[in-house]
Amino acid sequence: MSEATTAVLYAPGTNCHEETAAAIEQAGGRPALVLLRDLVDGRARLEDYQAAVVPGGFSYGDHLGAGRIFATTLVARLRDQLVKFLASQKPILGICNGFQVLTEAGILPDRAPGERAMALIENQSARFEDRKVRLLVSSEKCMWTEGLAGQVLEMPVAHAEGRPLLCERGNRAQVVFYYADIEGRPTLEYPANPNGAPGAVAGVTDSTGLVLGLMPHPERASLPAQYSRDGLKLFRNLVRWLGK
Amino acid sequence: MAIHSVYALYKDDAEARSWLSFFRSHGCPALDGLVIERVFWLEGDVSVERLLPLLVNPLYQDASERSQLDPSLGPIVEIAYRPAVTDPETPSILAGARALGENGLEFARLSRRYQFVGLQEAEARRLAARFLYNKIVERVREPGEVVTTLRPTGTPDPVRAILLAGLSDKELVELSHARSWYAPLSQMKAIQAHELAQRRPHTDAEIEILAQSWSDHCFHTTWKSLGLLKRLSAATARINHPLVVSSFKDNAGGLDFYEDWVVTIKGETHNFPSSIAPFGGIATKHGGVIRDTLGFGKGGYPIGGSTIMGTMDPRLPDQEVPAGALHPQLIVTESIRATAYYTNPMGIPMMHPIYRIHPGYAKCFALGHSVGLIPRRYAIKDEPRPGDVALLMGGETGRDGIHGATASSTGMTGETLEKEFAAVQIGHPITERKFTSAIPVLRDAGCVRSITDLGAGGISCAVGEMGAETGVRIDLDVVPLKDRSLTAWEILLSESQERMLVAVPPEKLAETVAILDRYEVLHTVLGHFTDNKRLEAFWQGQKVVDLEMSFLWEACPIDSTVIAEPQRQLASLDIPEPATASEWGEAVRRVLTHYHCADQQAAGSQFDTTVQGRTAVGPFGGKSHRMPTNLYVSAPLRGKTYEAVVAGADYHELALCDNFYTPRLRPDIAWDLKRMVETIADLSEQLGIPFISGKDSSSGTMESGGRRIDVPPTLVVSVLGRVPDVKEIVTKDFRSPGDRIVLVGRANPDLLGGSVYADSYGQRGDRLFDAYDAASIRAQWDTILHLHREGAYLSGSAIAEGGVFLRLFEASFGSGLGARIDLNLPIKGRRDGLLFGEFVGSVLLEVPPGMDSFLDGVSHYVLGEVIEEPRLILTEAGHGVWQDSISSLAAAWSKTFREVVE
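Residues numbered from 1 in each chain as written. Chains lettered and ligands numbered in written order. Predicted model: local features only at pLDDT ≥ 70, side-chain atom pairs only at ≥ 80, totals over all residues. Heavy atoms only, no water.

1. Quick notes on the overall build of chain A
How we decide: Under the DSSP-based scheme used, a helix requires at least four consecutive residues in state H or I and a strand at least two consecutive residues in state E, with every element numbered from the N terminus. Only protein chains enter the calculation, and the probe is 1.4 Å; a residue is then buried if its accessible area is under 20% of its type maximum, exposed if over 50%, and partly exposed in between. Should any heavy atoms of two residues lie within 4.5 Å, those residues are considered in contact. Note that His is not counted, nor are the chain ends; the positive residues are Lys and Arg, and the negative ones are Asp and Glu. In this description, the location of a charge corresponds to atom NZ of lysine, CZ of arginine, CG of aspartate or CD of glutamate.
Helix and strand counts for chain A stand at 6 helices and 11 strands. With the principal axes as the frame, chain A shows a C-alpha extent of 50 × 40 × 30 Å. Here chain A holds 244 residues, and 68% of them are scored as buried. If you take every contact in chain A between residues at least 6 apart in sequence, the share linking residues at least 24 apart comes to 74%. With 26 positive and 27 negative side-chain charges, chain A shows a spacing of 3 Å between the two charge centroids.

2. Things to note about the overall build of chain B
Using the following cut-off: The globule rule is 2.2 Å times the number of residues to the power 0.38, and the radius of gyration it is compared with is taken over C-alpha atoms. Values of accessible area rely on a 1.4 Å probe in the Shrake-Rupley scheme; residue burial ignores everything except the protein chains shown.
A count of helices and strands for chain B gives 29 helices and 39 strands. Whereas a compact globule of 902 residues would reach a radius of gyration of roughly 29 Å, chain B reaches 29 Å, a difference of no more than 12%. Summarising the internal contacts of chain B: among those between residues at least 6 apart in sequence, 83% fall at separations of at least 24. Approximately 33000 Å² of chain B is accessible, and the part contributed by carbon and sulfur atoms is 51%. Within chain B, one finds 89 positive and 114 negative side-chain charges whose respective centroids are separated by 1 Å.

3. Observations concerning unusual backbone geometry
Residues L108 of chain A and P109 of chain A are joined by a peptide bond in cis, for which omega reads 0°. Inspection of the secondary structure assignment puts P109 of chain A in the loop between α5 (97-104) and β5 (118-122). Put simply, Y190 of chain A and P191 of chain A share a cis peptide bond, and its omega is 0°. Residue position: P191 of chain A is located in the loop between β9 (174-180) and β10 (201-205). Not every positive phi belongs to a glycine, and Y60 of chain A is a case in point at roughly 50°. By the element assignment, Y60 of chain A lies in the loop between β3 (51-54) and α3 (68-77). The residue E498 of chain B is not glycine, and still its phi comes out positive at about 60°. Mapped onto the fold, E498 of chain B is located in the loop between α18 (488-493) and β19 (499-504).

4. A few points about the sheet that holds strand β38 (residues 871-876) of chain B
Strand pairing in a sheet relies on backbone hydrogen bonds. The paired strands run either parallel or antiparallel. All names here are of chain B. The cut-off we apply is this: In this description, strands pair whenever DSSP reports at least two bridges between them. Axis definition: a line fit to C-alpha positions, over the contact stretch in the case of helices; interaxial angles, taken between N-to-C directions, run 0 to 180 degrees.
Across the sheet, which stays open at both edges, the 7 strands sit in the order β34-β36-β33-β37-β35-β38-β39 with mixed pairing between neighbours. The outermost strands of the open sheet, each flanked by one partner alone, are β34 (795-798) and β39 (879-885). On average, each strand axis in the sheet is inclined to that of its neighbour by 20°, with strand direction left out of account. The pairing of strand β35 (residues 818-822) with strand β37 (residues 860-867) spans 4 bridges and is antiparallel. Paired with G818 across the strands is I867, a residue of β37. Its contacts with the sheet put helix α28 (residues 886-893) on β38 and β39, and the angle it makes with β39 is roughly 60°.

5. Concerning empty space enclosed by the protein
All names here are of chain A. What counts here: Here a cavity is any set of points on a 1 Å grid over the protein atoms alone where a 1.4 Å probe fits but cannot get out, and a pocket is any open set with protein on both sides within 12 Å along at least 5 of 7 lines; a residue lines the site when it has an atom within 4 Å of a point. Grid points are joined across faces, edges and corners, and a volume is the space filled by probe spheres set on the points. Gly falls in the polar group here, along with every residue not listed as nonpolar (Ala, Val, Leu, Ile, Met, Phe, Trp, Tyr, Cys, Pro) or charged (Asp, Glu, Lys, Arg).
This model, assessed by the stated rule, comprises 8 cavities of 30 Å³ or more. Considering only enclosed or pocket space, the largest cavity measures out at about 120 Å³ in volume. Along the wall of the largest cavity there are 18 residues; nearest its centre are G57, F58, C96, F128 and A158. At the level of secondary structure, the elements contributing two or more residues to the lining of the largest cavity comprise α5 and β7 (152-159). Counted by class, the lining of the largest cavity contains 7 nonpolar, 7 polar and 4 charged residues.

6. A few points about the domain arrangement of chain B
Using the following cut-off: Domain start and stop positions are those given by an automatic or database domain assignment.
Domain annotation of chain B identifies domain 1 (3-141), domain 2 (162-202) and domain 3 (730-902). Domain 2 of chain B and domain 3 of chain B are separated by 60 Å when their C-alpha centres are compared.

7. Section: the packing of helix α5 (residues 169-178) of chain B against helix α6 (residues 185-198) of chain B
Residues and elements named next belong to chain B. In plain terms, the rule: When an angle is under 35 degrees it counts as roughly parallel; over 145 it counts as roughly antiparallel; between 65 and 115 it counts as roughly perpendicular; any other value is oblique.
Close contact between α5 and α6 brings their axes to 9 Å; oriented N to C, the two are set at 105°. When the interaxial angle is binned, α5 and α6 end up roughly perpendicular. For the pair α5 and α6, contact is made by D169, L172, V173, L175 and S176 and by L185, M188, K189 and Q192, respectively. Here the contact of α5 with α6 is built from residues that sort into 5 nonpolar, 2 polar and 2 charged.

8. Regarding the packing of α3 of chain A against helix α3 (residues 90-99) of chain B
The test is simple: Left-handed describes a crossing whose near helix is turned anticlockwise from the far helix by less than a right angle; the clockwise case is right-handed.
Axis separation between α3 of chain A and α3 of chain B bottoms out at 9 Å; the angle between their running directions is 20°. Between α3 of chain A and α3 of chain B, the angle is such that the two are roughly parallel. For the pair α3 of chain A and α3 of chain B, the crossing hand works out as left-handed. Residues I69, T72, T73, A76 and R77 of chain A of α3 of chain A form the contact with α3 of chain B, whose own contacting residues are S92, G96, R98 and A99 of chain B. Of the residues in the contact of α3 of chain A with α3 of chain B, the class split is 3 nonpolar, 4 polar and 2 charged.

9. Notes on the interface of chain A and chain B
Just so we agree on the cut-off: By buried area we mean how much accessible surface two parts lose on assembly, using a 1.4 Å probe and totalling the loss over both. By definition here, a salt bridge exists when the distance from a side-chain nitrogen of Lys or Arg to a carboxyl oxygen of Asp or Glu is within 4 Å. Any pair of N or O atoms that falls within 3.5 Å is considered a polar contact. Within protein, one atom must be able to donate a hydrogen and the other to accept it, and sequence-neighbouring residues count only if both atoms are side-chain atoms.
The interface of chain A with chain B comprises 53 residues on the first partner and 56 residues on the second. When the two sides are added together, the surface that chain A and chain B hide from each other amounts to roughly 4400 Å², 55% of it contributed by carbon and sulfur. Viewed at the interface, chain B and chain A are joined by 4 salt bridges. In this structure, R220 of chain A engages D608 of chain B in a salt bridge whose closest nitrogen and oxygen atoms are separated by 2.8 Å. Put simply, chain A and chain B have 20 residue pairs in polar contact (both at pLDDT 80 or more) between them. At the level of elements, α1 (17-26), α2 (36-40), α3, β5, β6 (129-137), β7 and β8 (161-166) of chain A are the ones that each hand at least two residues to the side of chain A that touches chain B. When residues of the side of chain A that touches chain B are assigned to their parent elements, the largest contribution, 6 residues, is made by α3 of chain A.

10. Re helix α26 (residues 803-815) of chain B
All names here are of chain B. Inclusion rule: One less than the number of residues in a helix, times 1.5 Å, gives the span that helix is expected to have.
Helix length check: α26 (13 residues) gives 19 Å between terminal C-alpha atoms against 18 Å at 1.5 Å per residue, within 8%. Most of α26 sits inside the fold, with 13 of its 13 residues counted as buried. Backbone geometry just downstream of α26 places G816 in the positive-phi region, at approximately 80°.

11. Description of α28 of chain B
Residues and elements named next belong to chain B. Here is the rule we go by: What the arc measures is the spread of directions leading from the helix axis to the C-beta atoms.
Among the residues of α28, those classed as buried are I886, L889, A890, A892 and W893. Buried residues of α28, viewed axially, fall in a sector of 160°; they line one side. As for α28, its buried residues are in contact with α21 (581-592), β25 (627-628), α26, β38, β39 and α29 (895-901).

12. Here's the deal with the environment of R82 of chain B
All names here are of chain B. Within the fold, R82 resides in the loop between β4 (76-81) and α3. For R82, a relative accessible area of 31% corresponds to the partly exposed category. Once the C-alpha coordinates of R82 and F435 are considered, the two residues, 353 residues apart in sequence, prove to be 27 Å apart. A polar atom in the side chain of R82 sits 3.4 Å from the backbone oxygen of E138.

13. Section: the sheet that holds strand β15 (residues 389-394) of chain B
All names here are of chain B. In spatial order, the strands read β17-β19-β15-β20-β18-β21-β22; together these 7 strands make up an open sheet with mixed pairing. Pairing within the sheet leaves two strands with one partner each, and these edge strands are β17 (450-453) and β22 (542-548). Adjacent strand axes in the sheet meet at a mean angle of 20° when their direction is disregarded. In this fold helix α16 (residues 429-444) packs onto β15, β17 and β19, with an angle of close to 140° to the strand it touches most, β15.

14. Re the packing of aromatic side chains
Two aromatic rings are characterised by how far apart their centres lie and by the angle between their planes. Residues and elements named next belong to chain B. Stated precisely, the cut-off is as follows: The criterion for an aromatic pair is that two Phe, Tyr or Trp rings (for Trp, the six-membered ring) have centres within 6.5 Å, with stacked assigned to planes under 30 degrees apart, edge-to-face to planes over 60 apart and tilted to the rest. A ring is scored as having a charge over it whenever the NZ atom of a lysine or the CZ atom of an arginine sits within 6 Å of its centre and within 35 degrees of its normal.
Under the counting rule described, the total for this entry stands at 22 aromatic pairs over all chains. An angle of 55° between the planes, with centres 5.1 Å apart, marks the rings of F279 and Y341 as tilted. With F279 in helix α12 (residues 278-294) and Y341 in helix α13 (residues 328-346), the pair connects residues that are 62 residues apart, well separated along the chain. For F279, a relative accessible area of 22% translates into the label partly exposed. Considering the side-chain rings of F809 and F813, the 5.7 Å spacing of their centres and the 15° angle between planes classify their relative orientation as stacked. Here the residue F809 and the residue F813 both occupy positions in helix α26, the gap between them amounting to 4 residues, near one helical turn. Judged by relative accessible area, F809 falls into the buried class, the value being 0%. Residue classification places F813 among the buried residues on the basis of a relative accessible area of 12%. An aromatic cluster is built from Y757, Y761, F805, F836 and W882, whose rings are joined through pairwise contacts. When the ring centre of Y761 is taken as reference, the NZ or CZ atom of R590 above it lies at 3.6 Å.

15. What about the pattern of salt bridges?
The tally for this structure, following the rule as stated, stands at 75 salt bridges over all chains. In this structure, E15 of chain B engages R38 of chain B in a salt bridge whose closest nitrogen and oxygen atoms are separated by 2.8 Å. A residue pair is termed long-range when its members are at least 10 positions apart, and E15 of chain B in helix α1 (residues 14-25) and R38 of chain B in strand β2 (residues 33-44) qualify at 23 residues. Across the pair E145 of chain B and R139 of chain B runs a salt bridge whose closest N-O atoms are separated by 2.8 Å. Judged by its relative accessible area of 18%, R139 of chain B is buried. One network of salt bridges, in which partners are shared, links R37, D38, D41 and R43 of chain A together with R518 and E520 of chain B.

Here's what the structure looks like:
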């Protein structure tokens, strides 16, 4: 087991933190559940962790917009800690609501806290979509998918706001995951592409390949009883990277 | 103080598009467009510009100081919370503003402006009133309205004394009805006598408490009058099952799991509110039953839930919907939206989403379950001790849900929709989610002596029950209110959601407060437990309630009930047996497209089935993840050497939860109810499978236009069990071509009464499939258990609605394989009955070559074999009868329900 600890950040309304921590553990990593409020109140510090995951859920009830209040807190109250964390080249993963948080905070795609250049808007169906999807891994440089390029991974999605909207001015979003059809090709067809994502985009990384955001849930495809264990590959890459 | 406003429009508004298409297909084809503009109202000395990043995201929203809607394009209806009521988002906006350093923001509100292009003002308002807001807490904001403050304002009514002395029987009944107490004469007279004995008139608060505590919903007067309340629990006691940890006493039932954990189950109906306001009713159905898990023992954790809905046929023409009832299509679509709205943010996987129809469900059937997990040492709560703190936590108390208990205990009439709208609660899952996280922490820290949820009857019922053995004294002035105009009895009875009551040992109060603050859960010390066995409440310097617990809990008169066996007129079936391939095709489609058999994933895919990472088998499975499994398997203990699971188990390790929904009591209904309860209680005892939790509702009658519409006497039994290893679970999808398809158990094709097949002809029939007796059920189960242990079958499913045929289709659909079935079997009777008969208790198994010997001595029929090609092929003595591809059948199967909800 690596000595490095991964912070699993959660706030009121986050509801996937425990299984995310379990998946990291399953991959041989060391997770720590960190309450956002404890960071704000100074009971915990981001610098004590070597990586961070923002898990899924409905943080603050999705009030004002999915991930908005979590992101506002990160950017306004924890900006210095966040900037330092990014500058130290530490990996960050945002899953579902966590992906929404990272885009609302400007961490994805441009590593620029407070400058939003991407959003995840309401699904084309205007509904919550609970599905099992296939994801084609691109060959973009990304720590989280190292060695997985060209593979098709199976894991669940469960969200109502997951349609990516990329700002046209030159952002550096690099697509890591595409929703794929039964043949493993990127698809725009519903429900294999569950939210109407243009370009079939399911997950993106930043210019360093260290920050990853994706709508599907790798932690729900990591544990022995689950229908697929493809998600574990992402967490194994994290553990390998932290062990270097 | 200055009030600012910010108007926001979505550049691409999927919600507006979705409402537009919904309205257009629901009687409003003239609607040309729908635009939704969100308005933020901000009071205080703030920089709006600095707040903008919190309120809008310019990537997908346009913000402005003035409305961007052009009034000439169509009427605009603006909906806001009432002045006395706090918006649920207000605390989030205030917290966000503080995070941004904008501390001058004192209050905030939201409103939504809907512009209906192509409609007249009146029609727009009608649609808004019916679909877009709840008039108990929200209202239409008139154009040009001047606002001086956003803060909640309002004045409560004073507490009044109500003198019953001298009122005649008739006057008592009239008063009871006029005040929405719905207490029968016997109860009114008991209260009148109590008034005389205590030599003072009761306060309105006291009578309100008595009426709701004695309502059928809370006190189960109907079941008590029939002597049924203890019937199931007595059977459970006699079974004395070693795995039962808690039954019928607590908010849920508990079954021993592995590793010193207990799994819990509770089912709760919310029929009345869901019938008059489905969105609010269904959302709070889930909120309420989840709180039963949280309020089990010293605080459980929810790991799964269900939604089971019974309505009239959603395809009913408008004119056939009874006056005073909502259109069933609206109930179904709103209920789906509400289940998604509540259970997804709660982070609780959906185990069983089930939708059923019957012409009797004018007052709909709305059942939800919650399954939970708790360490064994916390599964039994303690009694509160005198001096313990009564701590209220969760949401603020408002006007929502007042008289829910009494209103739901009465029948429904054409006027109920108007009169009792206040009985509908509003749900806010984020509030419940917060204490769902905090409760296990409180429990493990020793802060919980006892815990219960606030449901029907609100504060009064929760403190009254928890303090029944001791006494309790509370102060209503400290209750956090979202509505300033609530008077004492309304605070006591409000069924505002997301509240829990905890008895905290006094030395643990500081720690409790610290934990709740950390999890951002609102909390208040409501009072404390006493030793005088009285319920006492104070408000504005007055003692407004002073009732002895013995009167509250022991003095309710139970009216006796007359029982008479109903005279039934049942006609035998008149259904032609299919002869040609096209007639077989027609019969097959009748069953496949029947509402009960059809693909219901259009609803199910809107509910999270994999959250918590514990799902081993979800409600939809197979290769396509679209095959209904009729099963939910969870592996809730993480990091263990084996993965223990809930569901799909040895029958020696099962427990049951019952939910009854029956019409209002009449002699014939009483007979049916009594027989139902006695039958399942006896069966439970004979099988040795105990009921550990249950709930009854006896108000399933609607009176409309001189017509009485009774719900069909409804019983839902859910099964909870354990299995030591998820890998032992077998699902229904076929595994391998060449395997034999075997029916194990009895088959009687002529007994089609009550089947889906008969129903598809609009018939019921007079002969149901023979019920198995307990001894043969046990023998059948022992056989299957043996076959399972030997690995003698690779897939399997129980025969139910849609008969053998539906299972063949599902098993093929789920696997991408097919089946060839030969009807030439040593079974007498109709050939269609062989496929569509509902041989409850029999099972369909896929037996691989070489495993045949395990079937020796087992009553079984080899129906055919699994084939590579995804087709269903029917033959008789080798000659083709009918065949079709799975894809063509699936297209028909998936259409029925989608057409209703999309």
